[in-house]
Amino acid sequence: MRYIAILFSLTLIAMGCTKPLELPNTAPDNSILVVEGDIKTGTASENIFKLSRLKPLFQFDEVPEFNAQVEIIAENGTKWLMEDMRNGVYKKVVGLPTNIPLALRIQTRDGKTYESPFQNSVESPAIDSVTFRQEEDGVRLFVHASNTSSNSKNYRWTYTETWENRSRYEAFHDFVNGDIVTRPVGDQIYRCWKTEGEKNIIVNNTQDLDKAVISYQPIGFIPNRNEKFYTRYSILVQQIGLTKEAYDYWEILKKNTELTGSLFDPQPSRMPTNIKCTNDPTKEAVGFVSVGKVSEKRIFILNSELNLWPSRNEEAGCSAFEFPRFQAERFLTLNKGFLPAYLVTAGGGFGVAPSGCVDCRLNGGITVEPAYW
Amino acid sequence: MKKLLPLLSLLFLAQGLSAQNKVPFDSLIHVLEKQFAVVFYYDKTQTDGLSIPSTTGKLDDILKTTLEGTGLSFYRDYYNRVFISKGTTLFTPLPKNFFATNEFKKDTLLPIIQEEAVVAKVDNKVYIIGNKGGTGVSAVISGYIREAKNGEPLSATSITLEGSQTGVSTDAFGFFSITLPKGRQAIRISSIGMKEIVRQLNVQGNGGINFEMQEEVRSLKTAVIIAQKQSNVRGMQMGVERLSIRAIKNIPAVLGETDILRSLQTLPGVTTVGEGTAGYNVRGGGADQNLILLNDMTIYNPTHLFGFFSAVDPEVVRGLELYKSAIPERLGGRISSIMDISTKDGNSKKVTASVGIGPLTSKFTAEGPIGKSKKTTFLVGGRTTYSNWFLQYLPDATFKDSKVGFSDLMVHLSHEFNDKDHIYLSGYISNDMFRLNADSTYSYANKNVRFKWKHNFNNKFYNVFSVGMDQYDYSVKGRNNPQDAFDLGFGIKQWSAKSDFKYATSNKNEVNFGVQYILYDLNPGSQRPTDGASVIKDKILQKEKASETSLYLGDQYRINNKLSFQAGIRYSYYRTGGPRKSYIYAEGKPRNEENVVDSMMYGSGETIQTYHGPEFRVSVRYLITPRTSLKFSYNTMRQYIHMITNTTAIAPTDIWKLSDQFIKPQVGQQISLGLYTQPGDKGDEFSIEAYLKDNMNYLDYKSGAQLILNETLERDVIRTKGKAYGVEVLYKKPLGKLNGWLSYTYLRSFLKVDDPIAGETINKGDFYPANFDKPHIVSLVANYKFNQRVSISLTSTYSTGRPVTYPLGVFDMGGAQRVYYSERNAFRIPDFFRTDVSMIIENNHRLTQLLHGSWTFGIYNITGRDNPYSVYFVTDGRQIKGYQLSVFATPIPFVTFNLKIR
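Rules and cut-offs
Residues numbered from 1 in each chain as written. Chains lettered and ligands numbered in written order. Predicted model: local features only at pLDDT ≥ 70, side-chain atom pairs only at ≥ 80, totals over all residues. Helix = DSSP H or I, 4+ residues; strand = E, 2+ residues; numbered from the N terminus. Buried ≥ 20, exposed ≤ 12 C-beta atoms within 10 Å, placed from the backbone. Contact = placed C-beta atoms within 7 Å. Pairing = 2+ DSSP bridges. Axes fitted to C-alpha atoms, helices over the stretch in contact; angles between N-to-C directions. Domains from an automatic or database assignment. Nonpolar A, V, L, I, M, F, W, Y, C, P; charged D, E, K, R; others polar. Core = buried A, V, L, I, M, F, W, Y, C linked by C-beta atoms within 7 Å. pLDDT = per-residue confidence, 0-100.

**Concerning the overall build of chain B**
Phase 1 of the analysis: Looking only at helices and strands, chain B features eight helices and 56 strands.
Phase 2 of the analysis: Looking at chain B as a whole, 45% of its 902 residues qualify as buried.
Phase 3 of the analysis: Counting contacts in chain B only where the partners sit at least 6 residues apart, residues at least 24 apart contribute 65% of the total.

Right, here's the structure in full:
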């Protein structure tokens, strides 16, 4: 009376697709003021605040907030007025006290006053080192800090990367008004320096760690063959201690933009802010102003310190054409995208190459060597 | 199958023998049969031309007079059967020493042996129950109803007295108890998918009798939820959905895997936040407000693979019941719904085994009796997967380079000592593992065991006692960097004991009472470094311990044929105790680090907090006409355990939290009103149920809440209150070539922050739509049977998209563009619509055939609509883009071939 049932089934599947979703075309409330920047205490720190208005989802251009009066105020009444840079940026290099609670006050041109609460400066331990590790897919950068005395447990890191970008040909000539002329000394276009800020929010805490030690905190990743390491690279890492509320703010901001998606991600939460409009409670603001002492560290990485990192883009298409001087000048007159690249020693002709292979500024960056370089 | 042949021949024989012609003798025999409560057996060729001179007086005298001089003689046995035969007289009792043992010491002629109830298998036979001579005009008959093929108990089977409205239903053990007037009675027994039977009884006194029912072959492959006929109209219960495994198996399933929880979602009032997600919502309640019982074992995570599959193998399941509103007082612990899944008992007639090979899983089941007595049966069912390949087809990059595995195993043993004592032992294990992108491995497991003992004190009174242990654990192993290698764990364990008594004082009145005790032992989280270089802190959160004791008493009473009521009270007492260190916060201030005023150390066993309260369960049924009824119910529920989750769908890493001095128990109440009617005479049913619910102390979370490894979770939660209301309209056509159901659900569910000291609110403190607020849902399940071998099924569902919080504006901060979101759940994702079809073609039904095969062809999502599984937003350069991800975005054809070897 035994029987065995054999079930066999075959399923053909072709599943899954992702398609753009039409987002609601609601006009956002552009009365919301966006404030970015922290009050940096200690010896002569650059305090920068950027003010703008919330913009619609698909708008490309920013809406900077002009003509505002931005000042840092101390509880004892001392004030430091920020300079208006005329582009929504307000900044000043000042040495702020670390032992007096400080706040930010903003007066916008429409007469509204926004204030952050008075906060004590949060201590931050010094950064011990910034290290890098070359892995299969690129280079990872880490920050390390041992924190034995400080009571801060939450940190945020920001960084500025600078790297030298050289053009393929070091040109000593220029093409001006149909003539190939000698390029003046000091007008070089061979070495450029590019600078970039961080793209992601990097926060962490030592809450769950055994020792209050920051070890191998990832701060950046540079994928293989990236131009940043063609010659020389430098990164300046800044570390600021945060209160729990400020830490939460950055965490939420990060989660809301960087992770929101699948059903297993947390729902977007309301963003906390510590900026209030004091003379109109209906006006909202976005942002969180922390008060803290910044510690920073700069390191340099040479191309030679990395394994098999290229020193230039071999696929850039930088072949040059050699002509006698007269023909070269004619060619350059007709082809605007070229520049004289080098002098042909035998015969006095010139090599001409695409401008991008001669003028490093065309790949971004400026030709002024930074002071620390 | 061998059993069927003698049965069939017996039926033919009985037909040949009994009175079918309209000759005077036959009609007079009918008169006598009615008059004396006997059944005649005779050969009509022998009685041709006979007539009965008189039908008054004693039966023996009448027959003697009639048969005198015809060469015929009669014999009347103890079962009131009268045999008329030529020549020799029939004599049914066996000779006294036939068994040559002393088994029949007392009185071999007892009509029914009291200890061992007979199985009433035959139609045209009168079964005598009980001893003559007792007092009273009625008697209590009890027994079991089982499936003839495999001895499986049949629950929710109705037993009604023919020609009256007296009726009862069997319980989960297939047990019934009915009070019948003494004398000759006919009872009608009907059950889902079973051939209805009528049995003749001669009730002389209290006694036992068992019945066996045959599967209704014709409706074998038609997907119908035929609850017992008229039960929706006449039954006391409202807001209950029953699904038999037959119905579940007929709902077209994705990838050809029959799925219990998926099929549940075709029923009105049951929704999910997304296709293929774990967890479900009943009548606008939270996913943690549903209790899932598998043979009384609490299953904390009933899904595999993020929720794509149910963790209970359908091959071992007999059926499920979902209580949405009138929850019986014997059940409690969650405020929204209770799902009661029961497994089959092992086949008590023969050992059978089956093996299934599917595209994603392989499974086996074996069941049968143990030993010769066949009093002990076993059932074992297991499943395992090899679904790694399938992940490669998932569109989400998260699933690439990932591995998954799952398995589950169910073991169920039952032993029958006698008609009074049954014991059952169930065990269940499920395991899940998945690794995302080769660095983190998640795993979770359910482990459950339960022992149950059913004891019948007498025909009217029985007890079920059970003890068991339920456990759920998950762990995450992070191996990304030696510096932060860790093991993270969570676990909940509960021991429980339960004693349920049921006392049927009469058909009109039934009393239920009992006690339940649960001991919770919860490990809220632990984190351990697993590498010497790891700087991860060794962190083990304090254990949470609590107990929940409940007492209940309920009474179901039929005032008259029209009006019945059921009233119950359940009183639960909850206590959480030490050892534990807790903080004391400043009164009326947000609970945070700054407002800590003191800390308190509770000793081992010291009470930290107690909560207790009554739960009321009342329902009333009024029959307006015999085919239309009006029902009302009022329910209150309490829940002491909370799921801590911040995501839209249930995630495998969600944890549970017991109520303590800060987190109050969830309390819910529901009022519902329903109209049930049976239009026409084809068994169609139409019902409308409306309800209004509210609940308190459902948890939401502060912005940036830390849910995992948080020693002071009270600082991150916000108490909310919820309200929900809705209407469910259902038209069901259970019979005929075309059958199925159509339902419409209107459902609204809202939450509102109700925590004055939370320090922050959601949606400015006003009501906001809950994630599971889906106003309109239309669902159609239809089957059409062309003939005995070919049938098609169609399932179609439409629902409003779930609410979602959308981005409204952007701003620059932290080096990138950031998003400013709308108020919570202010928008909705696109509506959901899906239609699945399947066609079943069976081989011939010849009984002698060795191989039985059937083909199932189907298409899942035949319209290919790309229903959003989730929506998400990414910052693409300087723009915020919204995307929707659909998992089953194209029609998915599937073919399944089933082969049974006998």
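**Focus on the overall build of chain A**
Phase 1 of the analysis: For chain A, the count of helices and strands is two helices and 26 strands.
Phase 2 of the analysis: Here chain A, with 373 residues, has 33% of them falling under the buried criterion.
Phase 3 of the analysis: Once local pairs closer than 6 in sequence are excluded, the contacts in chain A between residues at least 24 apart make up 69%.

**Concerning the sheet that holds strand β24 (residues 321-323) of chain A**
All names here are of chain A.
Phase 1 of the analysis: With antiparallel pairing, three strands are arranged side by side in an open sheet as β24-β26-β25. The two strands at the open ends of the sheet, each matched to only one other strand, are β24 and β25 (338-343). Each neighbouring strand pair of the sheet contributes to a mean axis angle of 35°, computed without reference to strand direction.
Phase 2 of the analysis: Relative to strand β26 (residues 350-354), β25 runs antiparallel, the two being bridged by five bridges. From the neighbouring strand, Leu343 faces β26, where its bridge partner is Phe350.
Phase 3 of the analysis: Relative to β26, helix α2 (residues 325-334) is tilted by about 20°, and along the sheet it contacts β24, β25 and β26.

**Looking at the domain arrangement of chain B**
Residues and elements named next belong to chain B.
Phase 1 of the analysis: What the domain assignment reports for chain B is domain 1 (16-86), domain 2 (119-215) and domain 3 (240-901).
Phase 2 of the analysis: Relative placement of domain 1 and domain 2: their C-alpha centres are 28 Å apart.
Phase 3 of the analysis: Between domain 1 and domain 2, the residue contacts involve six residues of the former and seven residues of the latter.
Phase 4 of the analysis: Its residues assigned to classes, the side of domain 1 that touches domain 2 comprises four nonpolar, two polar and no charged.

**Observations regarding the environment of B:Asp660**
All names here are of chain B.
Phase 1 of the analysis: Within the secondary structure, Asp660 is located in the loop between β40 (655-658) and β41 (666-677).
Phase 2 of the analysis: Its 18 C-beta neighbours within 10 Å are what place Asp660 among the partly exposed residues.
Phase 3 of the analysis: Separated by 54 residues in sequence, Asp660 and Glu714 place their C-alpha atoms 9.3 Å apart.

**Considering the pairing of strand β15 (residues 173-176) of chain A**
Residues and elements named next belong to chain A.
Phase 1 of the analysis: Pairing analysis gives four bridges linking β15 to strand β16 (residues 179-182), with the strands arranged antiparallel. In the strand pairing of β16, Phe175 is matched with Ile180.
Phase 2 of the analysis: The loop that links β15 with its antiparallel partner β16 comprises two residues; one of these, Asn177, has a positive phi angle of about 50°.

**A closer look at the sheet that holds strand β2 (residues 72-76) of chain B**
Residue and element names in this part refer to chain B.
Phase 1 of the analysis: Strand order in the open sheet formed by three strands is β1-β3-β2, and the pairing between neighbours is mixed. Because the sheet does not close on itself, it has two edges, and the strands there are β1 (39-41) and β2. Sheet twist, expressed as the average angle between the axes of neighbouring strands with direction ignored, equals 20°.
Phase 2 of the analysis: Across three bridges, β1 lies against strand β3 (residues 81-86) in parallel orientation.

**Some words on the environment of B:Leu742**
Residue and element names in this part refer to chain B.
Phase 1 of the analysis: Structurally, Leu742 is set in strand β44 (residues 738-753).
Phase 2 of the analysis: Expressed as a C-alpha distance, the spacing of Leu742 and Pro756, which sit 14 residues apart in the sequence, is 44 Å.
Phase 3 of the analysis: What Leu742 contacts, discounting residues up to four positions off in sequence, is Tyr731 and Leu780.

**Thoughts on unusual backbone geometry**
Phase 1 of the analysis: Here the amide bond leading from B:Gly578 into B:Pro579 is cis, since omega sits at 5°, within 30 degrees of zero.
Phase 2 of the analysis: Looking at the secondary structure, you find B:Pro579 in the loop between β34 (563-577) and β35 (580-585).
Phase 3 of the analysis: The backbone phi angle of A:Asn67 is positive, close to 55°, even though this residue is not glycine.
Phase 4 of the analysis: One can find A:Asn67 in the loop between β5 (55-56) and β6 (69-74).
Phase 5 of the analysis: Residue A:Asn67 is classed as exposed on the basis of its C-beta count, with 11 C-beta atoms lying within 10 Å.

**With respect to the pairing of strand β31 (residues 509-529) of chain B**
Residue and element names in this part refer to chain B.
Phase 1 of the analysis: Here strand β30 (residues 486-503) runs beside β31; their pairing, made up of 17 bridges, is antiparallel. Residue pairing across strands places Gly491 opposite Asn523, the latter belonging to β31.
Phase 2 of the analysis: Where β31 meets strand β33 (residues 544-558), 14 bridges bridge the pair, whose relative direction is antiparallel. Note on β33: the bridge partner recorded for Val515 is Leu551.
Phase 3 of the analysis: Sheet topology places β31 next to strand β32 (residues 539-540); two bridges connect them, and they run antiparallel. In the sheet register, Ser526 faces β32, and the bridge partner there is Ile540.

**Let's talk about the environment of B:Gln639**
All names here are of chain B.
Phase 1 of the analysis: Within the fold, Gln639 resides in strand β38 (residues 628-639).
Phase 2 of the analysis: Considered as a pair, Gln639 and Tyr744 are 105 residues apart in the sequence and their alpha carbons are 29 Å apart.
Phase 3 of the analysis: Apart from residues lying up to four places away in sequence, Gln639 is in contact with Gln289, Gly333, Arg334, Ile335, Pro665 and Gln666.

**Re the nonpolar core**
Phase 1 of the analysis: Counting 69 residues, the largest nonpolar core has A:Val35, A:Val286 and B:Tyr820 as its most contacted members.
Phase 2 of the analysis: Element by element, the count of residues in this core is highest for helix α1 (residues 244-259) of chain A, at six residues.
Phase 3 of the analysis: Residues in contact with A:Val286, not counting those within four places in the same chain, are A:Ile32, A:Val34, A:Leu54, A:Met271, A:Thr273, B:Phe811 and B:Tyr820.
Phase 4 of the analysis: Listed in part, the 53 residues of the second largest apolar core include B:Leu243, B:Leu261, B:Val316 and B:Ala546.

**What about the confidence of the model for chain A?**
Phase 1 of the analysis: Per-residue pLDDT for chain A averages 84, and the proportion of residues at 70 or more is 87%.
Phase 2 of the analysis: Contacts of residues 1-15 of chain A to residues separated by more than four positions or lying in other chains number 52 contacts, the stretch itself having pLDDT below 50.

**What to know about the confidence of the model for chain B**
Residue and element names in this part refer to chain B.
Phase 1 of the analysis: Scored by pLDDT, chain B comes out at a mean of 80, with 85% of its residues at no less than 70.
Phase 2 of the analysis: Mean pLDDT values over the elements of chain B span from 32, in helix α1 (residues 4-17), up to 95, in strand β18 (residues 297-298).
Phase 3 of the analysis: Predicted confidence for residues 97-116 stays below pLDDT 50, and this span has 15 contacts to residues more than four positions away or in other chains.
Phase 4 of the analysis: Predicted confidence is poor over residues 218-230, with pLDDT under 50, and the contacts of this stretch with residues over four places away or in other chains come to 39 contacts.
Phase 5 of the analysis: Among the prediction metrics, the complex's ipTM stands at 0.80, with pTM recorded as 0.72.

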